[in-house]
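# A look at the structure
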Amino acid sequence: MLAASLKITPFAMMSRPVAGVRNETVIITLPGSPKGAKENLESIIKLLPHACIQAAGGDSRTLHSGGIRKLEKEAGVSTSSNQHDHQHSHLHDSGGIASDEVATASIGASGCGHHHHHGGGGHHAPKPRTQQQDFKSNEISGTVTRRHRSSPYPMISVAQAHELISSNLPPPTIVTKTVDTDLVGYILAADVTAQEAVPAFRASIVDGYAVLHTDGVGIYPVVAVSHASPGEIAPLKAGEIARITTGAPLPPGATAVVMVEDTRISKATEDGEEELEIEILASGLEEMENVREVGSDVKLGEVVLRKGAEITAVGGEVGLLASVGIKEVRVYKKPVVGVLSTGDEVVNHDRPGGLSLGEVRDSNRPTLMAAVKARGFEYVDLGIAKDQPGTLKDVIREALSKVDVIITTGGVSMGEKDLLKPTIERTFNGTIHFGRVAMKPGKPTTFATIPIDQGRPIFSLPGNPASATVTFHLFVLPALRQLKGHIGNDIHLPKALVTVDREIPLDPRPEFHRATIKIDKSGELVARSTGGQRSSRIGSLEAANALLCLPALTEVGDKRTHIPRGDKVEALLIGELKVDI
Ligand SMILES: Nc1nc2c(c(=O)[nH]1)N[C@H]1C(S)=C(S)[C@@H](COP(=O)(O)OP(=O)(O)OC[C@H]3O[C@@H](n4cnc5c(N)ncnc54)[C@H](O)[C@@H]3O)O[C@H]1N2
Ligand code: MOO
Ligand SMILES: [Mg+2]
């Protein structure tokens, strides 16, 4: 198991698997994470029938003389059974063990390979799935004296966290949307071709007179008028002109338009209301001068927008689609995001009256719902869940049926009431892809997927308000962007080099320092820290439009403890740039 795990992660060197035999039972210990348990079990499962037979007293001579099938039958094991299901039934047979402790798969020689153990013989039968999910609170939280005194989750880098998120998200799904104001922010899932040419008719670019460009300078009768309105227009012959407005169709036969500024009135009706003859002053007209030819902006059938194009708030894409008669498009679905606060101390921000001792107003949920909405995603308010496994379980189960992505805040660090990780793993059979990131703020940021459809992502962000908000922008937003069809580096927020206007102290962890960036008079981007950066201080995000990516103290190597004033640092842009006033 160690050898197989080491091929997957160097952290395998930290695991302490134990295997043994008691009476006729082979006992193997697996890691607590479902992923690790599965990988470990897969690496040995083919050998288990053999091990079981041996534990049951089979002797090697019989085995090697072809009696293996017979012995398997006697021992109730089969190398050809559905081992996948089999693994699962055992993996879940570990209720009552604190989440990150070692799960034990005990495989009895008398029952190996069967989905239904018959109890007795020292083995406890695997509970059906529904029962297993029904943990009592102390089963999931463990007793406080038995909790971990150091985190079992390896500390990974921000880059590794991004990689793990990106590679464990489900693929985007495709839906049909009508072309309207709600299309902004969607990404096209297929090329779009023009159903109509633009312009659909030969149109004048100016207000003036439609002419035959070969006619030249001289006085001509005005035989017709073409306004920008639908309808039939009589053809124009040599020696005639037609008054025309910008955007109006050219009369058949006309080959150019002369601007009104390049003409003079020669003869009008007696009442002075109408033009009868006009002198054309412009010479050397070119064919199609001041004329937009059919399809000269967009040709019929031309690809107007490619798969992967984003419909932006600038409006150009909506306009382009509208102009060529596209009423519906295939786009990637935008994920619906559920936002949940957790914690016995957390109360609704608008709850009337003052706070009792220990109560805290919920600032995370309003913050995150506002940010999700402003980024163009629909949110579902999942409320506040108490720090009880039962409550968390119910709220998350309900959310799973409603939303594509769940964001929770609080309950992911080392406290005995920090129940999110065990709930995700144990109750929902989720995989925690990471549970600690080397960064400030946001160290206990957790990302998991729950095995529903192609994997339902759940971001469990730290409870501290600045930590929750920073990690939302840094991790959740790129994930939402990937789910709605952005690819590669385009999932991330834009980065720019900015000059710091004051010295900034460095932290032992790589820091995402909240700052306001302005464009100064010379066009430079200048950053000012928002002040105190403690993780509890949501005010550190007030007026912030950037996260300065500061190296950890240890990373700078030399004796620098600060970023000096005037130095340039990388900044992630989380809000709109401001102009210095
Ligand atoms: N022994 C250790 N303790 C802590 C560690 C550690 O490594 N070892 N990490 C610290 C870090 S870093 C962070 S960040 C926090 C994260 O804690 P949790 O995610 O478990 O969050 P809670 O304990 O539930 O709450 C932390 C803090 O935030 C307040 N909070 C929670 N939810 C909200 C909300 N919706 N609105 C406003 N404020 C909220 C809560 O009352 C706490 O004050 O853990 C450190 N501890
Ligand atoms: O990482 Mo925690 O987010 O310092 O506050
Ligand atoms: Mg905590």
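Residues numbered from 1 in each chain as written. Chains lettered and ligands numbered in written order. Predicted model: local features only at pLDDT ≥ 70, side-chain atom pairs only at ≥ 80, totals over all residues. Heavy atoms only, no water.

Distances from the magnesium ion (ligand 3) to its protein donors, Asp-418 (OD) and Asp-418 (OD), fall at 2.6 Å. Position of Asp-418 relative to the elements: it lies in the loop between strand E20 (405-409) and helix H12 (420-427). (Donors = N, O, S within 2.8 Å, 3.2 Å for Na, K, Ca; no water. Helix = DSSP H or I, 4+ residues; strand = E, 2+ residues; numbered from the N terminus.)

This brings us to the side chain of Asp-501. The residue Asp-501 is located in the loop between strand E24 (495-500) and strand E25 (504-505) in this model. The contact partners of Asp-501, leaving out residues within four places of it in the chain, are Val-526, Ala-527, Arg-528 and Arg-565. (Contact = heavy atoms within 4.5 Å.)

Okay, helix H2 (residues 34-44) next. All buried positions along H2 are accounted for by Pro-34, Gly-36, Ala-37, Asn-40, Leu-41 and Ile-44. Mapping the buried residues of H2 onto a view down its axis gives an arc of 160°, with all of them on the same face. (Buried < 20%, exposed > 50% of the residue type's maximum accessible area, 1.4 Å probe, protein only. Arc of directions from axis to C-beta.)

Let's shift gears to the packing of helix H8 (residues 158-168) against helix H13 (residues 465-483). With their axes 10 Å apart at the nearest point, H8 and H13 run at an angle of 30° to one another. When the axis of H8 is compared with that of H13, the two are roughly parallel. The hand of the H8/H13 crossing is right-handed. Contacts between H8 and H13 involve Val-158, Ala-161, His-162, Ile-165 and Ser-166 from the former and Leu-474, Phe-475, Pro-478, Ala-479 and Gln-482 from the latter. Partitioned by chemical class, the residues of the contact of H8 with H13 number 7 nonpolar, 3 polar and no charged. (Axes fitted to C-alpha atoms, helices over the stretch in contact; angles between N-to-C directions. Parallel < 35°, antiparallel > 145°, perpendicular 65-115°, else oblique. Left-handed = near helix turned anticlockwise from the far one by under 90°. Nonpolar A, V, L, I, M, F, W, Y, C, P; charged D, E, K, R; others polar.)

Glancing now at the site of ligand 1. In the vicinity of ligand 1 there are 23 residues, among which Glu-345, Asp-362, Ser-413, Lys-443 and Gly-463 approach most closely. Between an oxygen atom of ligand 1 and a main-chain N or O atom of Gly-411, the distance comes to 3.0 Å. With respect to ligand 1, the backbone of Ser-413 contributes an N or O atom lying 2.9 Å from an oxygen atom. Protein contact buries 71% of the 880 Å² of open area that ligand 1 shows by itself. When residues of the shell around ligand 1 are traced back to their parent elements, those giving at least two are strand E16 (337-342), strand E18 (360-361) and H13. (Near = heavy atom within 4 Å. Polar contact = N/O pair within 3.5 Å; in protein donor to acceptor, adjacent residues only side chain to side chain. Areas by Shrake-Rupley, 256 points an atom, 1.4 Å probe, with all protein chains shown as cover.)

So, about the pattern of salt bridges. Side-chain pairs of opposite charge can arise where the charged atoms are in close proximity. All told, the structure shown has 24 salt bridges when counted by the stated rule. Between Lys-38 and Glu-42 there is a salt bridge, with its nearest N and O atoms 3.1 Å apart. One end of the pair is Lys-38 and the other is Glu-42, both in helix H2 and 4 residues apart, which spans about a single turn. Exposure remark for Lys-38: the relative accessible area of 29% places this residue in the partly exposed category. Looking at Glu-42, the relative accessible area reads 36%, which means it is partly exposed. Across the salt bridge formed by Glu-359 and Arg-351, the nearest N and O atoms sit 2.8 Å from each other. Using a relative accessible area of 23% as the deciding quantity, one classes Glu-359 as partly exposed. Judged by relative accessible area, Arg-351 falls into the partly exposed class, the value being 28%. Through salt bridges with shared partners, one network takes in Arg-243, Glu-274 and Glu-275. (Salt bridge = Lys/Arg side-chain N within 4 Å of Asp/Glu carboxyl O.)

On to the site of ligand 2. Neighbouring ligand 2 are Pro-441, Gly-442, Lys-443, Pro-444, Asn-464, Ser-467, Arg-509 and Ser-535. One of the side-chain nitrogen or oxygen atoms of Arg-509 is found 2.8 Å away from an oxygen atom of ligand 2. Contacts to ligand 2 include Ser-535, whose side-chain N or O atom sits 2.3 Å from an oxygen atom. Class assignment for the residues of the shell around ligand 2 results in 2 nonpolar, 4 polar and 2 charged.

Right, let's get into the layout of surface pockets. When its volume is computed, the second largest pocket comes out at roughly 830 Å³. Together, 35 residues line the second largest pocket, and Ala-371, Ala-374, Arg-375, Gly-376 and Phe-377 are the ones closest to its centre. Taken together, the elements giving at least two residues each to the lining of the second largest pocket come down to helix H10 (364-374) and H13. Residues that form the lining of the second largest pocket fall into these classes: 18 nonpolar, 8 polar and 9 charged. (1 Å grid on protein atoms, 1.4 Å probe; cavity = no way out; pocket = protein on both sides within 12 Å on 5 of 7 lines; lining within 4 Å. Points joined across faces, edges and corners; volume = space filled by probe spheres on them.)

With that out of the way, let us pick up the pairing of E24. The sheet contact formed by E24 and strand E30 (residues 568-573) spans 5 bridges and is antiparallel. Directly across from Val-498, in E30, lies its bridge partner Val-569. (Pairing = 2+ DSSP bridges.)

It is worth spelling out the sheet that holds E20 at this point. Pairing is mixed across the open sheet formed by 6 strands, whose spatial order is E19-E16-E20-E23-E22-E21. Where the open sheet ends on each side, the last strands, each with one partner, are strand E19 (379-385) and strand E21 (431-434). Across the sheet, the mean angle from the axis of one strand to that of its neighbour is 20°, orientation sign disregarded. Looking at chain direction, E16 and E20 are connected through 5 bridges and run parallel. By the bridge assignment, Gly-338 is partnered in E20 with Ile-406.

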